[in-house]
Amino acid sequence: MVEDYVEKTTVEDQYPVLTSSQRKGIVLQDDFFAGDRVNQNGNIGYFIIPRGYFAFRSRSDNDVFVFNRNDAVDMGIISYFYPVFKPRGVDSDFLLRRLNYGLEDQIKINSEGTGQHVLSLKKFKNMIGLFPSYEEQKKIGSYFSQIDHLITLHQQKYFYHIYTFNQTKEL
């Protein structure tokens, strides 16, 4: 279902630096950290992550592993603490939801460690999960993508109303 992708940067700032957040997905690091650079030692050796490829933080303090897809830029780079992989023979929208909802028990079983748990890419790739046919995956993935889009639109509308309300209140 997935194939690891290991291409690393050879020059500083080869592509935009990304971060994989638990709530916002893969985003530009400058936007996420308000222009601050997290790694002051440079980013040579970071993983390159093309658009549509996935990454996850391989270490967790709370047994939660969040899988994100690069929808931010055509080519970006991400810390080597985030293994990169691409979907193979599976719908990308479906895979994104399936990884984050419904495989928690298998992920916990395959992670190792006592304090901080680690999920290696090798163990992750060897997990077995039930998946519907590709046609069903496309339908399910499309359905949830549309719902995500609607939620985003409603959130934007809500925050716009709060912002304009606060602006008129100050007048």
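Predicted, not measured: the structure shown is a model, and the values here were computed from it. (Residues numbered from 1 in each chain as written. Predicted model: local features only at pLDDT ≥ 70, side-chain atom pairs only at ≥ 80, totals over all residues. Heavy atoms only, no water.)

### Remarks on the packing of aromatic side chains
Here a ring pair, both rings aromatic, is described through the centre-centre distance and the interplanar angle of the planes. Counting across every chain of the model gives 12 aromatic pairs. Centroid distance F54 to F85: 5.4 Å. Interplanar angle 10 degrees. Geometry classified as stacked. Of this pair, F54 sits in strand β5 (residues 54-56) while F85 sits in strand β9 (residues 84-87), and the two are 31 residues apart along the sequence. The two residues F54 and F85 agree in class, both being buried. Taken together, the aromatic side chains of F54, F56, F67, F85 and F124 make up a single cluster linked through ring pairs. Note that R98 overlies the ring of F131, its terminal NZ or CZ placed 5.7 Å from the centroid. (Phe/Tyr/Trp six-rings, centres within 6.5 Å; stacked < 30°, edge-to-face > 60°. Helix = DSSP H or I, 4+ residues; strand = E, 2+ residues; numbered from the N terminus. Buried < 20%, exposed > 50% of the residue type's maximum accessible area, 1.4 Å probe, protein only. Lys NZ or Arg CZ within 6 Å of the ring centre and 35° of its normal.)

### Observations regarding unusual backbone geometry
Among all residues except glycine, the phi angle is most often negative; among peptide bonds, the trans geometry is most common. Positive phi, normally seen in glycine, also occurs at D13, with a value near 50 degrees. Counting through the fold element by element, D13 comes out in the loop between β1 (2-4) and β2 (18-21). Positive phi is not limited to glycine here, since D63 has a value of about 70 degrees. Position of D63 relative to the elements: it lies in the loop between β6 (59-60) and β7 (67-69). Here D63 falls in the partly exposed class, since its relative accessible area comes to 25%.

Remember that the coordinates give geometry; whether it matters functionally is a separate question.
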